[in-house]
Amino acid sequence: MRINRLVILSLIYLLVYIVLFAQFHFDPKMLIDFIQLDSSLFMHTITVQIEFIGLQIFKFCLINMYIDFYIQLKEMIDIRKGNYRSILFKQIMICALIIMLPDILLIRGISGVIRVILNILVFTVLYIVQLTSKNKIVFATSPLIYCVLLIFINQSTI
Amino acid sequence: MNKVIELKNITKAFGPNVVLDDIDLMISKNDVIYIHGPNGCGKSTLLKIITGLLPQDKGTLYIEADETIGALIENPEFSNYSTIKENLEFLYNLKNKMDYKKVEDLCNRFELDLYDKKNVKNYSVGMKQKMGIIQAIMEDQSIILLDEPTRGLDDRSVIVFQDIMQELIKDNKTIIIAAHDYIDIGYNRKIELKSGRLYEDQ
Ligand SMILES: Nc1ncnc2c1ncn2[C@@H]1O[C@H](COP(=O)(O)OP(=O)(O)OP(=O)(O)O)[C@@H](O)[C@H]1O
Ligand SMILES: [Mg+2]
């Protein structure tokens, strides 16, 4: 595992949440509400909407930066009869867990657990679809599809 | 004779373009083979099939079970936004624990610095080519396949390459090199690939 890169990735991610937190005047309640936004998102200001969608796109970009390493080395892994798929899957799972850490830390009750599990599941599936698809449109829209599904998940687990 | 690789009736076509046409090839331990032929004759395709990067359309490929393959095929692709050490370390550690001393030594012979902080993206073509050669031999692989290994190497590095190959031959490795420029390393077989068929020089 490439610990250094993971730490850098996590720190960048943490920074985003600190900025968000500061923006909400360090009120944890408001941060939680933001992370768990549902369709009421569209009643918020355009800034909040952009921030929410931006955060979801950012999650994909951040993982792409990390996973790229393994994708570029695919051929060399294959020559060594390494199991490329399982290496990739393991790394994606680690990244997904880091990305979902804020959500995991904010779990409230059973519905919270269900929310996080659904969230990780949808995120991983969409990420893998995005990764394996050679189609540029799929690549570009999967963070947005994730965003829409996330709103659904939040809506139905409140 | 100790058979390590055997290709039987291997056929490979890309659409109507039959690149390998019913090829048979037996490779013994310690063979040092030079494969040559014009551009597009299928040298890289043949090496890709042996490494398993490309499936053949027909025929069988046998590789002795306890042999390990090291290969440099066409343009070696590394992770661009990482250092040489991160790249080699990851590849080495897939199956073994990295021997830093040994890899550092190999790098030094090719005038590369294993602990270079630069990303591989900023390496020259020749430097990447050297990394490609290093990764193909660093794990003490027993079969070594190299596709135009000296492409982009300066004169000094070609001599280093020749020296290293000679050491590997002494170490009883099996070596297959596909190239245009013939550089003598002590081949015991020369094979020409032409119109999808192999012709062994006698
Ligand atoms: N993925 C592919 N799809 C379609 N055709 C391919 C593919 N890979 C190779 N070919 C074709 O197969 C033929 C052999 O290609 P190959 O790269 O094996 O040649 P080569 O002998 O290595 O040539 P060179 O000396 O230029 O490296 C060429 O005609 C090439 O166009
Ligand atoms: Mg070639």
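Residues numbered from 1 in each chain as written. Chains lettered and ligands numbered in written order. Predicted model: local features only at pLDDT ≥ 70, side-chain atom pairs only at ≥ 80, totals over all residues.

*Asks:* Mind showing me how you'd approach the sheet that holds strand β4 (residues 58-63) of chain B here?
*Replies:* Sheet strands pair by backbone hydrogen bonding; their relative direction is either parallel or antiparallel. Residue and element names in this part refer to chain B. Strand order in the open sheet made by the 3 strands is β2-β1-β4, with antiparallel pairing throughout. Two strands bound the open sheet, and with one partner strand each, they are β2 (17-28) and β4. Recorded for the sheet is a direction-independent mean angle of 15 degrees between the axes of neighbouring strands. Sheet analysis places strand β1 (residues 3-14) next to β4, joined by 5 bridges and oriented antiparallel. The residue bridging isoleucine 5 from the neighbouring strand is isoleucine 63, located in β4. (Pairing = 2+ DSSP bridges. Helix = DSSP H or I, 4+ residues; strand = E, 2+ residues; numbered from the N terminus. Axes fitted to C-alpha atoms, helices over the stretch in contact; angles between N-to-C directions.)

*Asks:* Where do I start with the site of ligand 1 in this structure?
*Replies:* Residues and elements named next belong to chain B. Looking at ligand 1, the residues that line it are Phe14, Asn17, Val19, Gly37, Asn39, Gly40, Cys41, Gly42, Lys43, Ser44 and Thr45. The set of elements that each furnish at least two residues to the shell around ligand 1 consists of β2 and α1 (43-51). When residues of the shell around ligand 1 are assigned to their parent elements, the largest contribution, 3 residues, is made by α1. Considering only residue class, the shell around ligand 1 consists of 3 nonpolar, 7 polar and 1 charged. (Near = placed C-beta within 6 Å. Nonpolar A, V, L, I, M, F, W, Y, C, P; charged D, E, K, R; others polar.)

*Asks:* What exactly am I supposed to notice about the interface of chain A and chain B here?
*Replies:* Many authors give the size of an interface as the accessible area that is lost as the parts come together. Contact with chain A, which involves 12 residues of that partner, is made by 16 residues of chain B. Mapped onto the side of chain A that touches chain B, the elements with two or more residues apiece are α3 (46-72) and α4 (74-79) of chain A. Sort the elements by how many residues they give to the side of chain A that touches chain B and α4 of chain A lands first, with 5 residues. Among the residues making up the side of chain A that touches chain B, the classes are represented as 5 nonpolar, 2 polar and 5 charged. (Contact = placed C-beta atoms within 7 Å.)

*Asks:* Teacher, can you tell me more about the packing of helix α7 (residues 109-132) of chain A against helix α8 (residues 136-156) of chain A here?
*Replies:* Helix-helix packing: each pair is described by the crossing angle between the helix axes and the interaxial distance. Residues and elements named next belong to chain A. Contact pair α7 / α8: the axes reach a minimum separation of 9 Å and the direction vectors enclose 170 degrees. Judged on the interaxial angle alone, α8 and α7 are roughly antiparallel. Crossing of α7 against α8: the hand is right-handed. Contact residues: α7 offers Arg115, Leu118, Asn119, Val122, Phe123, Leu126, Val129 and Gln130, while α8 offers Val138, Phe139, Ser142, Ile145, Tyr146, Leu149, Leu150, Ile153 and Asn154. For the contact of α7 with α8, a count of residues per class yields 12 nonpolar, 4 polar and 1 charged. (Parallel < 35°, antiparallel > 145°, perpendicular 65-115°, else oblique. Left-handed = near helix turned anticlockwise from the far one by under 90°.)

*Asks:* Would you mind going over α8 of chain A with me for this structure?
*Replies:* Since the α-helix advances by 3.6 residues per turn, residues separated by three or four positions end up pointing in the same direction. Residues and elements named next belong to chain A. Its 21 residues give α8 an end-to-end C-alpha distance of 31 Å, which sits within 8% of 30 Å, the value for a rise of 1.5 Å per residue. Within α8, burial applies to Ser142, Pro143, Tyr146, Leu150, Ile151 and Ile153. Along its buried surface, α8 packs onto α3 and α7. (Expected span 1.5 Å × (residues − 1). Buried ≥ 20, exposed ≤ 12 C-beta atoms within 10 Å, placed from the backbone.)

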